[in-house]
Amino acid sequence: QKDRLYIKFLGEEGLDYGGPAREFFFLISRQCFDPYYGLFEYSASDTYTLQISPVAARFVTNSHLWLRFCGRIIALSLVHQHLLDVFFTRSIYKALLRQSYDLSDIESFDPEFHQSLSWILENDITDVLDMYFTTDEIVFDQVTERELKPGGKSIPVTDENKKEYVDLMIKWRMERGVGEQMKQLVDGFNEVLDLHMISIFDARELELVIAGTADIDVKDWRTNTDYRSGYHDKHPVIQWFWKAVDSVNNEQRLRLLQFVTGTSSIPFEGFSALRGSTGPRKFTVDCSSHNS
């Protein structure tokens, strides 16, 4: 937390304006959180956000150590104010913040489950539902019964204890049986960063701080760009540059940004918050001349 992280790639020359460190976090996050390696998987609602895989402990050697390492990487990116190339489900952001889950967390990715839990809370279930403090879990196409609390198989859900049942169901659905794996991720995170340092954030704000945003505002980009070597906003070369940026789609703009700065994400404050190795540093267009 006290020292500046300095990254140098072997065999690569270049001025260190913070790009190597940004690229380091960009590359390592792509590896750590790649579903191919089994620690994480795509959420049920899309192929964009990631959650911890419930079978990670079975198939990844030393998965608990790798998850602690991933937690440290997330925290280091925050300490050094660099972005990661990853977006998580809300459950992970809430776990890092040590915040409890609520019913609204379910609605965005499982509206039917949200509706059924809401009905239980809003109606008298006496002699209506025959349920216990258990839930069915599907692993490798096999259905197994999991207790939501010790002895849950013999504890019926009543109108008096249904709130506890719903809270436990929310926790199970958000964590999907990965409570222990989630703990390893959080422990690694807390080894680097104290909770009070991020306690001002909610889950959405923490996501923006960790991953930034993927939508490029070209006007904001242009407003927060510096020029050198005689270039200025009205220079023909600069006009051609921005014309080219305007002509491509968002994905191509992100690739350009990644090539120049080492990251394809934009800080949640916008381009004004881009950072170099010594602090805030605007996107810069310079002229490089070479003598043959």
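Residues numbered from 1 in each chain as written. Predicted model: local features only at pLDDT ≥ 70, side-chain atom pairs only at ≥ 80, totals over all residues. Heavy atoms only, no water.

Draft legend 1. A look at helix α6 (residues 111–122). Between its first and last C-alpha atoms α6 spans 16 Å; for 12 residues at 1.5 Å apiece the expected length is 16 Å, and the two agree. Buried within α6 we find Phe113, His114, Leu117, Ser118 and Ile120. An end-on view of α6 places all buried positions within 155° of arc, on one side of the element. In α6, the exposed residues that point more than 90 degrees away from the buried face are Pro111, Glu112, Gln115 and Glu122. In this structure, the buried residues of α6 make contact with α5 (104–107) and α7 (162–175). (Helix = DSSP H or I, 4+ residues; strand = E, 2+ residues; numbered from the N terminus. Expected span 1.5 Å × (residues − 1). Buried < 20%, exposed > 50% of the residue type's maximum accessible area, 1.4 Å probe, protein only. Arc of directions from axis to C-beta. Contact = heavy atoms within 4.5 Å.)

Draft legend 2. View of empty space enclosed by the protein. Throughout the structure, instances matching the rule amount to one cavity of 30 Å³ or more. Looking at the largest cavity, the residues that line it are Gln51, Ile52, Thr89, Ser91, Ile92, Met174, Glu175, Arg176, Val178 and Met182. Going through the elements one at a time, β2 (50–52), α4 (90–96) and α7 are the ones with two or more residues in the lining of the largest cavity. For the lining of the largest cavity, the class distribution of residues is five nonpolar, three polar and two charged. (1 Å grid on protein atoms, 1.4 Å probe; cavity = no way out; pocket = protein on both sides within 12 Å on 5 of 7 lines; lining within 4 Å. Points joined across faces, edges and corners; volume = space filled by probe spheres on them. Nonpolar A, V, L, I, M, F, W, Y, C, P; charged D, E, K, R; others polar.)

Draft legend 3. Highlighting a nonpolar patch on the surface. Taken together, the side chains of Trp119, Val128 and Leu129 present a nonpolar region at the surface, about 260 Å² in accessible area. Among the structural elements, Leu129 can be located in the loop between α6 and β3 (134–139). (Patch = residues over 30% accessible without salt bridge, like charges linked within 9 Å, V, L, I, M, F, W, Y side chains within 5 Å. Areas by Shrake-Rupley, 256 points an atom, 1.4 Å probe, with all protein chains shown as cover. Salt bridge = Lys/Arg side-chain N within 4 Å of Asp/Glu carboxyl O.)

Draft legend 4. Quick look at unusual backbone geometry. Positive phi, normally seen in glycine, also occurs at Arg98, with a value near 60°. Looking at where Arg98 falls in the secondary structure, it is placed in the loop between α4 and α5. Residue Ser229 is not a glycine yet carries a positive backbone phi of 55°. By the secondary structure assignment, Ser229 is in the loop between β5 (225–227) and α11 (236–247).

Draft legend 5. Geometry of the packing of aromatic side chains. Overall, the coordinates contain 13 aromatic pairs when judged by the stated rule. Between Trp221 and Phe271 the ring centres are 5.2 Å apart and the planes differ by 5°, which places this aromatic pair in the stacked class. Of the two residues, Trp221 is situated in helix α10 (residues 218–223) and Phe271 in the loop between α12 (250–261) and β6 (275–276); the sequence distance between them amounts to 50 residues. Here the aromatic rings of Phe241 and Trp242 are separated by 4.9 Å at their centres, their planes lie at 75°, and the arrangement is edge-to-face. Since its relative accessible area comes to 22%, Phe241 is described here as partly exposed. For Trp242, a relative accessible area of 1% translates into the label buried. By way of ring pairs, the aromatic residues Trp221, Phe241, Trp242, Phe271 and Phe283 are connected into one cluster. Directly above the aromatic system of Phe133 lies the positively charged group of Lys149, at a separation of 5.2 Å from the ring centroid. (Phe/Tyr/Trp six-rings, centres within 6.5 Å; stacked < 30°, edge-to-face > 60°. Lys NZ or Arg CZ within 6 Å of the ring centre and 35° of its normal.)

Draft legend 6. View of helix α9 (residues 203–211). α9 sits mainly inside the fold: seven of its nine residues count as buried. What α9 keeps buried is the set Ala203, Leu206, Glu207, Leu208, Val209, Ile210 and Ala211. Packing partners of the buried residues in α9 comprise α3 (63–79) and α4. Among the residues trailing α9, Gly212 stands out with phi positive, at a value near 70°.

Draft legend 7. Quick look at the packing of helix α1 (residues 19–32) against α3. Two elements in contact, α1 and α3, have axes whose closest approach is 11 Å; the angle formed by their N-to-C orientations is 155°. When the axes of α1 and α3 are compared, the pair comes out roughly antiparallel. Crossing handedness for the pair α1 and α3: left-handed. Residues Phe25, Ile28 and Cys32 of α1 touch α3, and the partners they reach there are Phe69, Cys70, Ile73, Leu76 and Ser77. Among the residues making up the contact of α1 with α3, the classes are represented as seven nonpolar, one polar and no charged. (Axes fitted to C-alpha atoms, helices over the stretch in contact; angles between N-to-C directions. Parallel < 35°, antiparallel > 145°, perpendicular 65-115°, else oblique. Left-handed = near helix turned anticlockwise from the far one by under 90°.)

Draft legend 8. Representation of the side chain of Lys94. Mapped onto the elements of the fold, Lys94 is located in helix α4. By relative accessible area, Lys94 is classed as buried at 8%. Residue contacts for Lys94: discarding those within four places in its chain leaves Gln99, Ser100, Tyr101, Asp102, Asp105 and Ala203.

Draft legend 9. Focus on the pattern of salt bridges. The full count for this structure, using the stated rule, is 10 salt bridges. One salt bridge connects Glu191 with Arg68, and the closest N-O pair in it is separated by 2.1 Å. One end of the pair, Glu191, is in helix α8 (residues 179–192); the other, Arg68, is in helix α3, with 123 residues separating them in the sequence. In this structure, Lys149 engages Glu164 in a salt bridge whose closest nitrogen and oxygen atoms are separated by 2.9 Å. Separated by 15 residues along the polypeptide, Lys149 in the loop between β4 (142–147) and α7 and Glu164 in helix α7 bring together distant segments of the chain.

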